[in-house]
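The chain contents come next:
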Amino acid sequence: VVCDFGIAKQTNASTQMTMVGTVIGTPHYMSPEQAQAAVLDERSDLYSLGVIFFEMLTGHVPYSGHSAVTTGIMHVTEPIPELPPDLAVFQDFVDITLAKLPEDRYQTGLELADALEELEEQNYDQIHAASVTVMLSESEMLSSQRRSTSGSQRRSTTSGQRRGGTGSRSGRAV
């Protein structure tokens, strides 16, 4: 997995590129400590990766408020959402990755990767059956979108022809 969370801080530099007490980032992917403008370490990035993992599984982020502040508060105060029953095999992994306290999360990227590998080894058939279901669902959704788009294009062409137009603003056929 390669991720770029968009903001970097050089820890051994003599100049401050970021300031203590400021919050920078995308609220949907911020760790609780980032939302509180606290000191961050790699476990904050692992939390953000957990948000991405949750989103990959469910199609939506775990917390989404009406504003950036509300979303940040949700990361700090709201319980970790439960996954749908067909994805329950991933719940323990999500619970650890999205733990509110950094010390309750995976401590390193290697630890997280090992946990994912172990999860797959222990639940191979169930995980890959869920993957096929998700891929089929996405395929059906894309097919539906294509049908919808081509139907609206046909309607727009037909209505342009009814008005005597050619479907282009210049009056020339496209």
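A quick note: this is a predicted structure, and the numbers were derived from the prediction, not measured. (Residues numbered from 1 in each chain as written. Predicted model: local features only at pLDDT ≥ 70, side-chain atom pairs only at ≥ 80, totals over all residues. Heavy atoms only, no water.)

A tally of helices and strands in the chain yields six helices and zero strands. Listed N to C, the secondary structure of the chain is α-α-α-α-α-α in terms of helices and strands. Counting the 174 residues in the chain, one finds 26% classified as buried. In the chain, the proportion of contacts linking residues at least 24 apart, taken out of those at least 6 apart, comes to 51%. Surface exposure of the chain reaches about 12,000 Å², of which carbon and sulfur atoms provide 55%. (Helix = DSSP H or I, 4+ residues; strand = E, 2+ residues; numbered from the N terminus. Buried < 20%, exposed > 50% of the residue type's maximum accessible area, 1.4 Å probe, protein only. Contact = heavy atoms within 4.5 Å. Areas by Shrake-Rupley, 256 points an atom, 1.4 Å probe, with all protein chains shown as cover.)

Within the fold, Met74 resides in helix α3 (residues 68-77). Separated by 10 residues in sequence, Met74 and Ser64 have C-alpha atoms that sit 7.7 Å apart.

Here Ala68 is to be found in helix α3. Judged by relative accessible area, Ala68 falls into the partly exposed class, the value being 48%.

Turning our eyes to something else, we now look at unusual backbone geometry. In this model, Ala37 sits at a positive phi of 55 degrees, which is unusual for a non-glycine residue. Structurally, Ala37 is set in the loop between α1 (32-35) and α2 (42-58). Residue classification places Ala37 among the partly exposed residues on the basis of a relative accessible area of 23%.

To continue, consider the pattern of salt bridges. Tallied over the full model, the rule gives two salt bridges. Residue Arg105 pairs with Glu33 through a salt bridge whose shortest N-O separation is 2.8 Å. Of this pair, Arg105 sits in the loop between α4 (91-97) and α5 (109-122) while Glu33 is found in helix α1, placing the two residues 72 residues apart along the sequence. A single burial state applies to Arg105 and to Glu33, both of which are buried. For Arg43, the salt bridge identified is with Asp41, shortest N-O distance 2.6 Å. According to the relative accessible area criterion, Arg43 is buried, its value standing at 17%. (Salt bridge = Lys/Arg side-chain N within 4 Å of Asp/Glu carboxyl O.)

Turning next to the confidence of the model for the chain. Of all residues in the chain, 62% attain a pLDDT of 70 or more, and the chain-wide mean is 77. The lowest-confidence element of the chain is helix α6 (residues 124-162), averaging 62 in pLDDT; the highest-confidence one is α4, averaging 97. Within the model, the stretch residues 6-10 combines pLDDT values under 50 with four contacts to residues more than four positions away or in other chains. Residue range residues 156-174 is modelled with pLDDT below 50. Its contacts to residues more than four positions away, or to other chains, number five contacts. (pLDDT = per-residue confidence, 0-100.)

Formed by 20 residues in total, the largest nonpolar core has its most connected members in Leu57, Leu83, Phe90, Phe93 and Val94. Where this core is concerned, the elements lending two or more residues are α2, α4 and α5. Here the element with the most residues in this core is α2; it accounts for six residues. Every residue in contact with Phe93, bar those within four places of it in the chain, is listed here: Phe53, Tyr106, Leu112, Ala115, Leu116 and Leu119. (Core = buried A, V, L, I, M, F, W, Y, C linked by side-chain atoms within 4.5 Å.)

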